[in-house]
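# Report on the structure
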Amino acid sequence: QVQLVESGGGLVQAGGSLRLSCAASGTGSFFSINAMGWYRQAPGKERELVAAITRGGNTNYADSVKGRFTISRDNAKNTVYLEMNSLKPEDTAVYSCNVKGQHPWSSSEYDFWGQGTQVTVSS
């Protein structure tokens, strides 16, 4: 029943900024989120991890976005944000929110994905 609702995508000029948000709902009391993050995929290219953050606040960034993007989260709201600054045309892609978690009694980890939001950066 977990659902991810994304917002914030759109068209922006090079050098501009966008802020993506992803709210997870339906997690209940028996689903523990281990990590939340953002992936992106451009046409004809493989999907890549952009940024991720664990429940404890540890972060991981792709080399291509370090210093420009910032990931943050509000654990109480089960929401993750991606602040994107100094955007470049090569950042153009479909960005998808991802949540990894598990039920306390299970050893299996579940992946949940948002619908994907288009980010287009013009020259």
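Being a predicted model, the structure only gives us computed values, none of them experimental.

Attention now goes to the environment of R73. Following the sequence through the fold, R73 ends up in strand β7 (residues 69-74). Dropping the residues within four chain positions of it, R73 is found in contact with I53, T54, R55, G56, G57, T79, V80 and Y81. At 3.1 Å, the side chain of R73 and the backbone oxygen of R55 are in polar contact.

What follows is about the sheet that holds β7. One open sheet holds the four strands; their spatial order is β1-β3-β8-β7, and the pairing between them is antiparallel. Edge positions in the sheet fall to β1 (3-7) and β7, since each has one partner strand and no second. Geometrically, the sheet is characterised by an average inter-axis angle of 15° between neighbouring strands, direction not taken into account. Pairing between β1 and strand β3 (residues 18-25): five bridges, direction antiparallel. The residue bridging V5 from the neighbouring strand is A23, located in β3.

As for its placement among the helices and strands, E6 is situated in strand β1. We note that E6 is buried and unpaired, the nearest opposite charge coming from R47 at a distance of 9.7 Å. Of the polar contacts made by the side chain of E6, one reaches the backbone nitrogen of C97; its length is 2.5 Å. Separated by 3.2 Å, the side chain of E6 and the backbone nitrogen of Q115 make a polar contact.

Summed over all chains, the structure comprises one disulfide. Two residues, C22 and C97, share a disulfide whose sulfurs are 2.1 Å apart. A torsion of -85° about the S-S bond marks the disulfide between C22 and C97 as left-handed. Here C97 lies in strand β9 (residues 93-102) and C22 lies in strand β3, a separation of 75 residues in the sequence. A residue is classified by how much of its surface remains accessible, and C22, at 0% relative accessible area, is buried.

When you line up the elements, G26 lands in the loop between β3 and β4 (32-41). With a relative accessible area of 47%, G26 lands in the partly exposed category. Considered as a pair, G26 and R68 are 42 residues apart in the sequence and their alpha carbons are 32 Å apart. With residues near it in sequence (within four places) discarded, G26 still touches Q1 and V2.

Cut-off values and rules
- Residues numbered from 1 in each chain as written.
- Predicted model: local features only at pLDDT ≥ 70, side-chain atom pairs only at ≥ 80, totals over all residues.
- Heavy atoms only, no water.
- Helix = DSSP H or I, 4+ residues; strand = E, 2+ residues; numbered from the N terminus.
- Contact = heavy atoms within 4.5 Å.
- Polar contact = N/O pair within 3.5 Å; in protein donor to acceptor, adjacent residues only side chain to side chain.
- Pairing = 2+ DSSP bridges.
- Axes fitted to C-alpha atoms, helices over the stretch in contact; angles between N-to-C directions.
- Buried < 20%, exposed > 50% of the residue type's maximum accessible area, 1.4 Å probe, protein only.
- Lys, Arg positive; Asp, Glu negative; His and termini not counted.
- Salt bridge = Lys/Arg side-chain N within 4 Å of Asp/Glu carboxyl O.
- Disulfide = S-S within 2.5 Å.

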